[in-house]
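Structural overview for review
Spelled out, the chains give:
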Amino acid sequence: GQQVQQSPTSLVLQEGENAELQCNFSTSLNSMQWFYQRPGGSLISVFYNPSGTKQSGRLTSTTVIKERRSSLHISSSQITDSGTYLCAMERRSSGQKLVFGQGTILKVYL
Amino acid sequence: AQTIHQWPVAEIKAVGSPLSLGCTIKGKSSPNLYWYWQATGGTLQQLFYSITVGQVESVVQLNLSASRPKDDQFILSTEKLLLSHSGFYLCAWSPANTEVFFGKGTRLTVV
């Protein structure tokens, strides 16, 4: 089964609204990372967040390892935030570095 | 600063033809290296990883192979492409057990 579940699958917001993206893991993990995937496909690391809360500008990530979940909060969304957000968990066993979720597609409009 | 360079940016290849994709990491010695693949509309999957020169481990079998001929170079290849090989290939690196950084990727279309 799917080891990493992201929700929602897609999200449409008006500029200025806040977004909350969720990531749940079915197995234990060592760490996790959030990425922004550009329309062309390349990945930009947004947060490397083993645990706790991290903030960068309008973005905040919270990871609770024991509860196997992580969230990405985007405050005051902007049109340029539109795109696909991926979460990935790190598992050091079996050689898998990162196991990805299917992504949340965010669309922000005026 | 570390940089990661992937080549080519895009390829259109015929079924049955060979393929070679490359990746070079500069500014970091002995990085862990990874190949990932994403089918159109699909989830990113890890294909291979390498923690040292000459050593490559397979994670997902897709009739592809990988090699690490130099400390800073990772090659993905196959002798015969299948239609199912189409997609987006990403090379990545990390220091041991920390954040992963990705290249810009190669878009492969098999026709």
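Described below are features of the structure shown in this document. Each chain carries its own residue numbering, running from 1 in the written order of its sequence. Note on labels: chains are lettered from A, ligands numbered from 1, in written order. Whole-chain, interface and lining totals are the exception, using all residues; otherwise, since this is a predicted model, local features are given only for residues with pLDDT of at least 70 and side-chain atom pairs are given and counted only at 80 or more. The basis for the side-chain values is all heavy atoms of the structure; hydrogens and waters are excluded.

Some points on the state of the cysteines
- In what follows, a disulfide is any cysteine sulfur pair within 2.5 Å. Overall, the coordinates contain two disulfides over all chains when judged by the stated rule.
- In this model, C23(A) is linked to C87(A) through a disulfide, with the two sulfur atoms separated by 1.7 Å. Every disulfide takes its handedness from the sign of the S-S torsion; for C23(A) and C87(A) that torsion is 65 degrees, giving right-handed. Here the residue C23(A) occupies a position in strand β3 (residues 19-25), and C87(A) occupies one in strand β9 (residues 83-90), the gap between them amounting to 64 residues.
- Its relative accessible area of 0% is what places C87(A) among the buried residues.
- Paired by a disulfide, C23(B) and C91(B) hold their sulfur atoms 1.9 Å apart. Strands are runs of DSSP state E lasting at least two residues, helices are runs of H or I lasting at least four, and both sets are numbered from the N terminus onward. For each residue, the accessible area found with a 1.4 Å probe, counting protein chains only, is set against the maximum for its type, and the residue is called buried under 20%, exposed over 50%, and partly exposed in between.

Side note on the nonpolar core
- Nonpolar core, defined: a set of buried Ala, Val, Leu, Ile, Met, Phe, Trp, Tyr and Cys residues in which side-chain atoms within 4.5 Å join the residues together. With 21 residues, the main nonpolar core has V4(A), A19(A), L21(A), F25(A), W34(A), Y85(A) and L106(A) as its most contacted residues.
- Residue assignment for this core shows that the elements contributing at least two residues are β2 (10-14), β3, β4 (31-37), β8 (69-74), β9 and β11 (104-109) of chain A.
- With four residues, the single largest contributor to this core is β3(A).
- Whether two residues are in contact is decided by their heavy atoms: any pair within 4.5 Å suffices. Not counting residues up to four positions away in its chain, the partners in contact with L106(A) are L11(A), L13(A), A19(A), I74(A), D81(A), S82(A), G83(A) and Y85(A).
- Core analysis: the second largest hydrophobic core is formed by 19 residues, L21(B), C23(B), F48(B) and A66(B) among them.

Some thoughts on the pattern of salt bridges
Residues and elements named next belong to chain B.
- The salt bridge definition used is simple: a Lys or Arg side-chain nitrogen within 4 Å of an Asp or Glu carboxyl oxygen. Going through the model one piece at a time under the given rule, you end up with four salt bridges over all chains.
- D72 is the partner of K26 in a salt bridge, and the nearest nitrogen-oxygen pair spans 2.6 Å. Linking K26 in strand β3 (residues 19-26) with D72 in the loop between β7 (65-70) and β8 (73-78), this pair joins segments that are 46 residues apart in sequence.
- By relative accessible area, D72 is classed as buried at 18%.
- In this structure, the salt-bridge partner of D71 is R68, at a minimum N-O distance of 3.3 Å.
- Since its relative accessible area comes to 2%, R68 is described here as buried.

By themselves these figures say nothing about function.
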